[in-house]
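Listed here are the chains, written in short residue letters.
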Amino acid sequence: MEAIYQALGVEQGDLSVRAIHFEHWGRRLVFACRYRAGDQAGDFTMTFEDCRELRWRVYVHAEPQPEAAIADFKPGRDRHRSPAHLLTDYFGLSLVYGSLEIRSDGDAVSGA
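Residues numbered from 1 in each chain as written. Predicted model: local features only at pLDDT ≥ 70, side-chain atom pairs only at ≥ 80, totals over all residues. Heavy atoms only, no water.

A count of helical and extended segments in the protein gives 1 helix and 9 strands. Mapped from its N terminus to its C terminus, the protein presents α and β elements in the order α-β-β-β-β-β-β-β-β-β. Scored against the burial criterion, the 112 residues of the protein give a buried share of 37%. Within the protein, contacts between residues separated by at least 24 positions form 50% of all contacts whose residues are at least 6 apart in sequence. Accessible area for the protein stands at about 6,600 Å²; split by element, carbon and sulfur atoms hold 48% of it. Averaging the positions of the 13 positive and the 17 negative side-chain charges in the protein gives two centres separated by 9 Å. (Helix = DSSP H or I, 4+ residues; strand = E, 2+ residues; numbered from the N terminus. Buried < 20%, exposed > 50% of the residue type's maximum accessible area, 1.4 Å probe, protein only. Contact = heavy atoms within 4.5 Å. Areas by Shrake-Rupley, 256 points an atom, 1.4 Å probe, with all protein chains shown as cover. Lys, Arg positive; Asp, Glu negative; His and termini not counted. Charge placed at Lys NZ, Arg CZ, Asp CG, Glu CD.)

Below, the structure written as structure tokens:
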């Protein structure tokens, strides 16, 4: 998850997924997220472009809440070289992608 904190320029804290948007039949995935770190809090998006393979696992051990806490994130390598892994308390996702962009408050802050 260090990659997210560095891209946002915030201290380590809590990250969560609020919504997922599948666009272009899954070739583009946009995760609407929130961070809380110390006195800082805000919304950000993670956008994966040119997705080619998705592996999704849903955990049904608890009733879903409006947000899913992010337990772990590994960005993998862009240009379809190695998959990104996202683990939350409700789902796990592995995806092979072309590019990743993390945006905070409407401004691009990182590209992988």
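Further notes follow.
This part takes up the packing of aromatic side chains. By the definition in use, this model includes 5 aromatic pairs. With a centroid separation of 5.9 Å and an interplanar angle of 85 degrees, the aromatic rings of Phe31 and Phe48 are classed as edge-to-face. Residue Phe31 is located in strand β2 (residues 28-37), and its partner Phe48 is located in strand β3 (residues 40-49); the two are separated by 17 residues in the primary sequence. The pair Phe31 / Phe48 is uniform in exposure class, with both members buried. Judged by centre distance (5.1 Å) and plane angle (75 degrees), the rings of Phe48 and Tyr97 are edge-to-face. Taken together, the residues span a long stretch of sequence, with Phe48 in strand β3 and Tyr97 in the loop between β7 (91-96) and β8 (99-104) at a distance of 49 residues. Accessibility assignment for this pair places Phe48 and Tyr97 in one class, buried. Among the aromatic side chains, those forming a connected cluster through ring pairs are Phe22, Trp56 and Phe91. (Phe/Tyr/Trp six-rings, centres within 6.5 Å; stacked < 30°, edge-to-face > 60°.)

Moving on to unusual backbone geometry. Within the chain, His24 stands out as a residue other than glycine whose phi angle is a positive 50 degrees. Mapping His24 onto the fold places it in the loop between β1 (14-23) and β2. Residue His24 is classed as exposed on the basis of its relative accessible area, which comes to 58%. One non-glycine residue, Arg79, lies in positive phi territory at about 55 degrees. Tracing the chain through its elements places Arg79 in the loop between β5 (68-74) and β6 (84-88). Accessibility expressed as a relative area gives 58% for Arg79, which makes it exposed.

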